[in-house]
Amino acid sequence: MSKLKINIILFGIGNIGSTLINQIIESQDFFLKSKNVDFHFPIITNSTVAFFEKEGVGYSWETNFLQLAVPFKVKDIVEFAKENEFENLIAVDATASNELIYHYNTLIENGFNIVAVNKNANTLPIDLYKEIRENLKKHDKEFLYETSVDTGIPILQTLRDLYYAGEKITKIRGVFSDNLSYVFNRFSADDVSFSSVLKDASLLGLMRSTFKEDLSGNDTARKLLILAREIGKDFDLSDVEILPFITEKHLEKNGVLNKEALDKSFKIAKITQAENHVLRYVGEFDAAQNSLSAKLVSEPIDSAIGKLNGADTVFEIYTQSYADIPIVIRSASPCKQAISRGIITDILKIAEKIKNKEAVWL
């Protein structure tokens, strides 16, 4: 069987996107031998400019991008793909853009499958969320996004497998934010003030781009919403009860953290909790209550959530068959290499489906 050529259109060449290009270029021979798949990157973009190369970028892609990239619109990408008769198109959204997600339907309608790290499309209002799914079905295209909730460990795939096997999911809970995992693991383990832990997290770069999202509980809420929608729940983000752990009482009038108030509040929370308990910020879906919440809890130190360390995350899936014993999926602190490999896993799944479709037609 002849090799399958896959054309990847990459939106976003930041840390994750650039790692993805380099990993695929370096592993090209492996993919040809193991999967009989030949990957090409005919278009790569950042937020404002794109580099177009019909045969696909090579090892010198960074230099070429700096020298030859031009301003673009999504319609330019669609037109370039049509002019060059590109087949087997996969758009990879490695951005955090709110703008790009509103072009997903245009891409789907013009022959693109989609793989996304970006979680925003899956937290759109439910009618827009469903519109994307209807369009995918209409045009026989795929949309995978395992890395939108974690590094690529198969959390969403596990949920889907259980749900489509007819299993009743009774609860989903866990620590979904690696940044908040670090904050509360450190605060629980060490004799330190809460404000100093936040400062250290910031200095380590853990909260550089998502500081407000994490502290507000929004990142946890968005990931929880994605998980709940995977099992057929028609929730919106407004349905998640978000209880941020930093509230008005911890802030000065100008919005700056009041360290004294913050440290006093969390010291009290730490010393007044039950023995052998630790503080954790969790997302939770409860089927019995049909509720979603993101909140600070006191957790037994010997539980899966209580045992976390570093910036690890953990997902607990409770089902009717397993009763009170959850399926536990724990993931190490995310890094660009692991996230990129998770994207590649999704790309390979779509490539396999394309290959199977072609085999049917032969």
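One structure accompanies this document, and this report is about it. (Residues numbered from 1 in each chain as written. Predicted model: local features only at pLDDT ≥ 70, side-chain atom pairs only at ≥ 80, totals over all residues. Heavy atoms only, no water.)

**Topic: the packing of aromatic side chains**
Rules: Pairing of aromatic rings covers Phe, Tyr and Trp, the last through its six-membered ring, and needs centres within 6.5 Å; plane angles under 30 degrees mean stacked, over 60 mean edge-to-face, and all others mean tilted. Exposure classes here rest on a 1.4 Å probe applied to the protein chains alone. A residue is buried below 20% of its type maximum, exposed above 50%, and partly exposed in between.
Taken as a whole and judged by the stated rule, the model has 18 aromatic pairs. Taking the centre distance of 5.3 Å and the plane angle of 85 degrees together, the rings of Phe 31 and Phe 39 count as edge-to-face. The exposure classification of Phe 31 matches that of Phe 39, with both residues buried. An aromatic cluster is built from Phe 184, Phe 187, Phe 194, Phe 245, Phe 266 and Tyr 281, whose rings are joined through pairwise contacts.

**Some words on a negative patch on the surface**
Using the following cut-off: A residue counts toward a patch only above 30% relative accessible area and without a salt bridge, and it is joined to like-charged neighbours within 9 Å or, for Val, Leu, Ile, Met, Phe, Trp and Tyr, to nonpolar neighbours within 5 Å. Accessible surface is estimated by sampling points in the Shrake-Rupley manner with a 1.4 Å probe; for residues, cover comes only from the protein chains shown. Whenever a carboxyl oxygen of Asp or Glu lies within 4 Å of a side-chain nitrogen of Lys or Arg, that contact is scored as a salt bridge. Only four residue types enter the tally: Lys and Arg on the positive side, Asp and Glu on the negative side, with His and both chain ends excluded. Charged side chains are reduced to one point each, which is NZ for Lys, CZ for Arg, CG for Asp and CD for Glu. A run of H or I in DSSP becomes a helix once it reaches four residues, and a run of E becomes a strand once it reaches two; helices and strands are each numbered from the N terminus.
Among the surface-exposed residues, Glu 109, Asp 127, Glu 131 and Glu 134 lie close enough to one another that they form a single negatively charged patch. Looking at the negative patch, the element that brings in the most residues is helix α6 (residues 126-139), giving three residues. Relative to the helices and strands, Glu 134 is located in helix α6.

**So, the sheet that holds strand β10 (residues 277-286)**
To keep things clear, this is the line we draw: Each pair of strands is called paired provided DSSP finds at least two bridges between the two strands. Interaxial angle, 0 to 180 degrees, is taken between N-to-C directions of lines fitted to C-alpha atoms, where a helix line uses only the stretch in contact. In what follows, a contact means two residues having at least one pair of non-hydrogen atoms within 4.5 Å.
With mixed pairing, the six strands of this open sheet are ordered in space as β9-β11-β10-β8-β12-β13. Each edge of the open sheet carries a strand with a single partner, namely β9 (240-242) and β13 (327-331). Ignoring strand direction, the axes of neighbouring strands in this sheet form an average angle of 25 degrees. For β9 and strand β11 (residues 291-300), the ladder comprises three bridges, and the chain directions are parallel. Within β11, the residue paired with Ile 242 across the bridge is Ala 294. In this fold helix α8 (residues 178-189) packs onto β8 (169-175), β10, β11 and β12 (313-319), with an angle of close to 150 degrees to the strand it touches most, β10.

**As for the pairing of strand β1 (residues 4-11)**
For β1, the buried fraction is high: seven of the eight residues fall into the buried class. Pairing geometry for β1 and strand β2 (residues 37-45), over seven bridges, is parallel. Paired with Ile 6 across the strands is Phe 39, a residue of β2. One ladder, built from five bridges, connects β1 with strand β5 (residues 89-93); its direction is parallel. Paired with Ile 9 across the strands is Ala 91, a residue of β5.

**A look at the packing of helix α7 (residues 155-164) against helix α11 (residues 218-230)**
Filter applied, for reference: Every angle not falling under 35 degrees, over 145, or within 65 to 115 is termed oblique; those three ranges are roughly parallel, roughly antiparallel and roughly perpendicular. Crossing chirality is assigned from the near helix's rotation relative to the far helix, an anticlockwise turn below a right angle marking it left-handed and a clockwise turn marking it right-handed. Lys, Arg, Asp and Glu make up the charged group, whereas Ala, Val, Leu, Ile, Met, Phe, Trp, Tyr, Cys and Pro make up the nonpolar group; the residues left over, Gly among them, are polar.
Where α7 contacts α11, the two axes come as close as 9 Å, and the packing angle between them is 30 degrees. As far as their axial angle goes, α11 and α7 are roughly parallel. Crossing of α7 over α11 shows right-handed handedness. For the pair α7 and α11, contact is made by Ile 155, Leu 156, Leu 159, Arg 160 and Tyr 163 and by Ile 226, Leu 227 and Glu 230, respectively. When grouped by side-chain class, the residues that make up the contact of α7 with α11 number six nonpolar, no polar and two charged.

**Looking at the environment of Gln 157**
Note the following rule: Here a polar contact is recorded for every N or O atom pair within 3.5 Å, except that within protein the pair must consist of a potential hydrogen donor and a potential acceptor, and residues adjacent in sequence are included only if both atoms are side-chain atoms.
Here Gln 157 lies in helix α7. Considering only alpha carbons, one finds Gln 157 and Glu 230, 73 residues apart in sequence, at a separation of 9.2 Å. If near-sequence neighbours (up to four positions away) are discounted, Gln 157 is found in contact with Glu 146 and Lys 349. At 2.8 Å, the side chain of Gln 157 and the side chain of Asp 161 are in polar contact. Only 3.4 Å separates the side chain of Gln 157 from the side chain of Lys 349, close enough to count as a polar contact.

**Things to note about the pattern of salt bridges**
Counted by the stated rule, this structure contains 15 salt bridges. When the shortest N-O distance is used, the salt bridge between Glu 299 and Arg 173 registers 3.1 Å. With Glu 299 in strand β11 and Arg 173 in strand β8, this pair connects stretches of sequence that are 126 residues apart. With a relative accessible area of 8%, Glu 299 lands in the buried category. We classify Arg 173 as buried; its relative accessible area is 11%. The salt bridge partner of Lys 223 is Asp 219, with a shortest N-O separation of 3.4 Å. Note that Lys 223 and Asp 219 are positioned in helix α11 at a spacing of four residues, about one turn of the helix. By the burial criterion, Lys 223 is buried, and Asp 219 matches it. Here the salt bridges share partners, and the residues they tie into one network are Arg 173, Glu 284, Glu 299 and Glu 316.

**Things to note about the pairing of β2**
Judged by how many residues are buried, β2 sits mostly within the fold: nine of nine residues are covered. Bridge count between β2 and strand β3 (residues 49-52): three bridges; the pairing is antiparallel. Bridge pairing in β3 places Ile 43 opposite Phe 52. Between β2 and the antiparallel strand that follows it, β3, lie three residues.

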